[in-house]
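Working through the structure, step by step
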Amino acid sequence: MNHSNQPALTNPGAQTRGHDISWTHVYNREPVPANADGFDMLVVFGGPQSPRTTLAECPYFDSQAEQRLIKQAIDAGRVVVGICLGSQLIGEALGAEVCQSPNKEIGHYPITLTEAGTQHPLLSDFGSSLTVGHWHNDMPGLTAETVILAESAGCPRQIVQFSDRVYGFQCHMEFTAEAIEGLIQHSEQELAEAKGKPFIRSVEEMRNHDYREMNHKLWSFLDKLTESR
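Residues numbered from 1 in each chain as written. Predicted model: local features only at pLDDT ≥ 70, side-chain atom pairs only at ≥ 80, totals over all residues. Heavy atoms only, no water.

Before going further, it helps to examine the packing of aromatic side chains. Aromatic rings in a pair are described by how distant their centres are and how their planes are angled relative to each other. Within the structure shown, the criterion is met by four aromatic pairs. Aromatic side chains Trp 23 and Phe 45 sit 5.6 Å apart centroid to centroid with 25° between the ring planes, which places their arrangement in the stacked category. Of this pair, Trp 23 sits in the loop between helix H1 (11–15) and strand S1 (41–44) while Phe 45 sits in the loop between S1 and helix H2 (63–75); the two residues are 22 residues apart in sequence, bridging distant segments of the chain. In this structure Trp 23 comes out as partly exposed when scored by relative accessible area, which is 25%. Relative to Phe 199, the ring of Tyr 109 has its centre 5.7 Å away and its plane inclined at 80°; by these criteria the two rings are edge-to-face. (Phe/Tyr/Trp six-rings, centres within 6.5 Å; stacked < 30°, edge-to-face > 60°. Helix = DSSP H or I, 4+ residues; strand = E, 2+ residues; numbered from the N terminus. Buried < 20%, exposed > 50% of the residue type's maximum accessible area, 1.4 Å probe, protein only.)

The subject of this paragraph is the sheet that holds S1. The strand order across the open sheet built from seven strands is S1-S2-S7-S6-S5-S3-S4, with neighbouring strands paired in mixed fashion. The open sheet has two free edges, formed respectively by S1 and strand S4 (129–139), since each of these has just one partner strand. With direction set aside, neighbouring strand axes in the sheet form an average angle of 25°. Two strands pair when backbone bridges link them, and strand S6 (residues 159–163) and strand S7 (residues 166–169) are joined in this way by four bridges, in the antiparallel orientation. Paired with Ser 163 across the strands is Val 166, a residue of S7. Here H2 sits on the sheet in contact with S1, strand S2 (79–83) and S7, set at roughly 145° to S1. Most of the contacts of helix H3 (residues 85–93) go to S2, to which it runs at about 125°, and overall it touches S1, S2, S4, S6 and S7. (Pairing = 2+ DSSP bridges. Axes fitted to C-alpha atoms, helices over the stretch in contact; angles between N-to-C directions. Contact = heavy atoms within 4.5 Å.)

This is the structure in structure tokens:
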């Protein structure tokens, strides 16, 4: 599910791996699937909303409907990956309330794998630290079973494992130059208000950064995750 009109993981990247892809573009008011019967893997992308955003505040975003689908997918043994808002929705679906991050992060900053992360087979290509994209002010809630796999100086919950088939990425390893440009164009006020805070990159820095290494690392994780099903 994609919550904003920005490029995400590309269809060609998935199709070359032999996956069939379908999208629910909720920003176009496409309805959330009624159940988890039609897919093996659910990826829930980010957006400017919060899991607490109401239909009155954002008429196309039905947080409760998405949480119900996520919970049904988890209960059915599907692979579920959430990115940013998606990771927060997974936490909420499992009874863990979204939390405000200690710092707002916009741009590209390093994450560091925890001890559990360095030992995790799906993250074996990440190294101990890597620079990834960020654009958030919140972070996912944690259940008693959740394991934190990566953290950053600005946020202690960057990659989390809810279960062996369910993962949340607060960071944005799917960002591309095209996606960043779209976000910049739609976030003039937010960027102006955040200017000068500790973990906020300038527009020039974001435009000049090469996002391809983190994209490759994310595909490595996803390849390992799908192979381990």
